[in-house]
Every structure is written in structure tokens, then in C-alpha cells.
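Examining the three-dimensional arrangement
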Amino acid sequence: MTVDFRHWMKQHQQLCETVLSDLLPATTLVPTRLHEAMRYAALDGGKRVRALLVFAAGRLFSAPPDLLRRAAAAVEMIHAYSLVHDDMPCMDDDALRRGKPTVHIKYDEATALLVGDALQAQAFLVLSEGEGAPETRLAMLRLLAQASGSTGMCGGQAIDLDSVGLALSREQLEQMHRLKTGALLRASVLLGAMSGKTLSSVEIHALDAYAAAIGLAFQVVDDVLDATADSATLGKTAGKDAADNKPTYVSLLGLQASQQLAAQLCAEAHQALLPFGEQAQYLHDLADLIVQRQA
Ligand code: GRG
């Protein structure tokens, strides 16, 4: 990772925070407590990997800033909603997220449910508004809906909930993560690129190969960190996978083989970007970031 990339990353994490703050309902707007809780869930926290993927992919095709910013905010809102719901007692039942009490602890369960619902609706609202060709916007909305719904993130979460205590094969584990985490990461890459131009099938194929590799790498690293890092560093409860008897890459392959797999997937991601040349440098560096992250 270069100094240039680190500078770009900080700048765009800050931009993501500003754009989210602008596009979320104000706390003065009724119902004020719900809007305050939505802002609590979405602002001031997280690595903003999905927004960074949108911005870095947008750079490939000089995407217009307004559409790119809305796409970045939309994927982070969907992600924030998924975390709020995932932390609820009916799912993972967690008290800590992004170094803060989870939404149902800070507020209450009913509010957490509504925060997730409202963040999801807000994501589609912000992407439907603003500048840009209506057909591009429609294609982007469709992609985000597919990535979030029952054949994407929600479907992956359903498989995850059904898998507790089961011995999944490597293929089954991969399919679950491709949906649960990979679908939104893929959508982030494609939404960024689509903001700039209508993609050819060759471009979609190359970006898909990149997204598939980083999506899986993200999850492998998540499993490694869950087994090796502490809660203070992670900002969420560490060791939860083993405690909950969940199948992970670490439980399936062991720690060392999981680390090797993450490195191999990073190399595959880099390889997939070759057709895009220098313009893809930040996507290249984001793959490194995903694999080298400590939280
Ligand atoms: C409840 C519909 C629904 C879906 C939940 C994404 C997800 C599906 C659950 C999150 C549980 C989890 C810990 C998944 C592992 C990978 C993951 C998405 C980690 C959190 O993402 P980061 O590390 O979080 O990008 P930050 O806080 O940095 O944004």
C-alpha cells in the first residue's frame, strides 16, 4: 500500500461520512428518536470498505461525483442495516459493534428493527434521486436490490442461521459467504463502475473475478480475526464463531491454511485487474487492505 493510497483512503472515508450525514434524515425531523438511532447506526464507525470500493471502481471510468457518492452512501446504509439486524437477539445477539453498544442495547429491540428497515429504504431512496441517466439509475437500483435480497445478502444470512452446529463442506461455506458478504461487496464494485459507463460483458467478467476474490478473502480474514484478535481491537465481540459453534474457514482449514488462502485470493484479485491498467491501482490496494486489515 502506497502513501498515496493511504491519503486517498482517509480522504474518501471522510467523504463517505459527510455524504452519509447529508443523506440521512436529520435528528430534528419527526420521528426524532428513530432518526437519531439511524444516524447512530450508520455514522461514526466502520472501515467503509464498501464505499471505498464504489469510489475506487468509479475511478476506472471517471464516474460523475454525485452518482458515485449516492452509490457509496447506499451500500453503506444497506451494510449498516444488516449489522443492526444481525446483532439483534433473534440473530447473533451481540452487545458491541464498531466499538459502541449495539442499537438494540443503546435503544431497544423494536427501534433496532425499525432502524434496519428504514436504513434499507433510505438506501434505495438516495440512489433513486439526484443526477444521471434514469436507465443507469434503474440498473443500479436493480443490482443493489438483487445483492441485498433473498438471492444475495439475506439469503446468505438465512443459510448462516440454518448452518449453526452443522459440518459444512468448503463449497457450502463458500456459497454461504458469497451471498452473505460477497454479494454486497460485488455490488459495491459494479455500482462504482456502472456510475461511469454501461459495462461491457468483458468488463463485468473482470470486475466479477476481482469481486469474487476479495469477497471470499474478506470472509476468510474475518474468520481469522475472530479467532486471533481481541474484542477491543475488533470493536465487536471476538471468538464468537467458536462460541456459537459456527462453521468457519479456521475451523475447516486451520489457521495457517486460512492465512495462505487469503494471500492466494488477494493475488487472484490483483490478476483480475490487469486489463484495467493503472486506473485500477486503488482497487488493487483495497485488496491488500482487505487481506492485511487488523479489525
Ligand atoms: C441481517 C439481513 C441480514 C444480514 C446480515 C453482513 C451480515 C449479514 C452480517 C454481519 C455479520 C458478520 C460479522 C459478517 C462477517 C463479515 C462482515 C460483513 C463483517 C462486518 O463488515 P466490516 O468489517 O464492518 O466491513 P465495518 O464495521 O468496518 O463496516
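For the structure, check the block above.
Report follows, based on the coordinates. (Residues numbered from 1 in each chain as written. Predicted model: local features only at pLDDT ≥ 70, side-chain atom pairs only at ≥ 80, totals over all residues. Heavy atoms only, no water.)

Before going further, it helps to spend a moment on the nonpolar core. Ranked by size, the top nonpolar core spans 81 residues in total, and within it Leu53, Met77, Leu119, Leu207, Tyr210 and Leu283 carry the most contacts. Here the element with the most residues in this core is helix H4 (residues 65-86); it accounts for 12 residues. When sequence neighbours within four positions are dropped, the list of residues in contact with Leu283 reads Leu53, Ala56, Ala57, Leu60, Leu207, Tyr210 and Leu273. Within the second largest apolar cluster, 14 residues are counted, among which are Leu168, Ala217, Val220 and Tyr249. (Core = buried A, V, L, I, M, F, W, Y, C linked by side-chain atoms within 4.5 Å. Buried < 20%, exposed > 50% of the residue type's maximum accessible area, 1.4 Å probe, protein only. Helix = DSSP H or I, 4+ residues; strand = E, 2+ residues; numbered from the N terminus. Contact = heavy atoms within 4.5 Å.)

The next point concerns the site of the ligand. By nearness alone, 20 residues border the ligand, and Lys47, Arg50, His79, Asp86 and Arg98 come closest of all. In this structure, an oxygen atom belonging to the ligand sits 2.8 Å away from a side-chain N or O atom of His79. Those elements giving two or more residues to the shell around the ligand turn out to be H4, helix H8 (153-163), helix H9 (170-196) and helix H10 (201-228). Per-element tally for the shell around the ligand: the top contributor is H4, with 6 residues. Of the residues that constitute the shell around the ligand, the class distribution is 5 nonpolar, 7 polar and 8 charged. (Near = heavy atom within 4 Å. Polar contact = N/O pair within 3.5 Å; in protein donor to acceptor, adjacent residues only side chain to side chain. Nonpolar A, V, L, I, M, F, W, Y, C, P; charged D, E, K, R; others polar.)

Inspection of the secondary structure assignment puts Gln219 in helix H10. Apart from the residues lying within four places of it in its own chain, the contact partners of Gln219 are His177 and Thr181.

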